[in-house]
Amino acid sequence: MPDSVIYVSGLPATVGVAELKELFQCFGSIISVKKFPPKQRNLGYGFITFSSPTSAYLAIDAMNGQHFGDASLLKVRLAQRAVKSDADGNQHHEESAG
């Protein structure tokens, strides 16, 4: 399901998971939403997993560059999977901004 996960940055610190899900649910069925606290300029980021790639691409097309709350422009794109190895050499896949 790699093409079904999008990365969203430029989120105000006050935006929660429920609000983020509400903002993107009009593009299709959402499997999961992860929100992370701000790292810089008081803007957070998150990952949204849709049930289909079509929904993810619709969300990207519609939401990339849009204003949301008091934040600067939202940046929305496909997430990329990063492969990380743990101390035992086992590989784990994680979404990343790319």
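Predicted, not measured: the structure shown is a model, and the values here were computed from it. (Residues numbered from 1 in each chain as written. Predicted model: local features only at pLDDT ≥ 70, side-chain atom pairs only at ≥ 80, totals over all residues. Heavy atoms only, no water.)

Caption draft 1: The arrangement of the overall build of the protein in detail. On a plain count of helices and strands, the protein comes out with two helices and six strands. Along the protein, from the amino end to the carboxyl end, the secondary structure elements read β-α-β-β-α-β-β-β. Taking all 98 residues of the protein together, the buried fraction comes to 35%. As displayed, the protein has an accessible area near 5,900 Å², and 49% of this comes from carbon and sulfur atoms. (Helix = DSSP H or I, 4+ residues; strand = E, 2+ residues; numbered from the N terminus. Buried < 20%, exposed > 50% of the residue type's maximum accessible area, 1.4 Å probe, protein only. Areas by Shrake-Rupley, 256 points an atom, 1.4 Å probe, with all protein chains shown as cover.)

Caption draft 2: Local environment of the pairing of strand β3 (residues 43-50). By the criterion of burial, β3 is predominantly enclosed, with eight of the eight residues buried. Across the two faces of β3 the burial is the same, with Leu43, Tyr45, Phe47 and Thr49 and Gly44, Gly46, Ile48 and Phe50 all buried. Pairing geometry for strand β1 (residues 5-12) and β3, over seven bridges, is antiparallel. Residue pairing across strands places Ile6 opposite Ile48, the latter belonging to β3. (Pairing = 2+ DSSP bridges.)

Caption draft 3: Here's a closer look at the nonpolar core. One finds Ile6, Val8, Phe24, Ile48, Phe50 and Val76 to be the most contacted residues of the largest nonpolar core, which totals 18 residues. Broken down by secondary-structure element, the contributors of at least two residues to this core are β1, α1 (17-24), β2 (30-40), β3 and α2 (53-63). No other element matches α2, which puts four residues into this core. If near-sequence neighbours (up to four positions away) are discounted, Val76 is found in contact with Ile6, Tyr7, Val8, Phe24, Ala59, Ile60, Met63 and Asn64. Among the nonpolar cores identified, the runner-up in size contains five residues, and Val5, Tyr45, Phe47 and Ala79 belong to it. (Core = buried A, V, L, I, M, F, W, Y, C linked by side-chain atoms within 4.5 Å. Contact = heavy atoms within 4.5 Å.)

Honestly, it's all geometry; don't read function into it.
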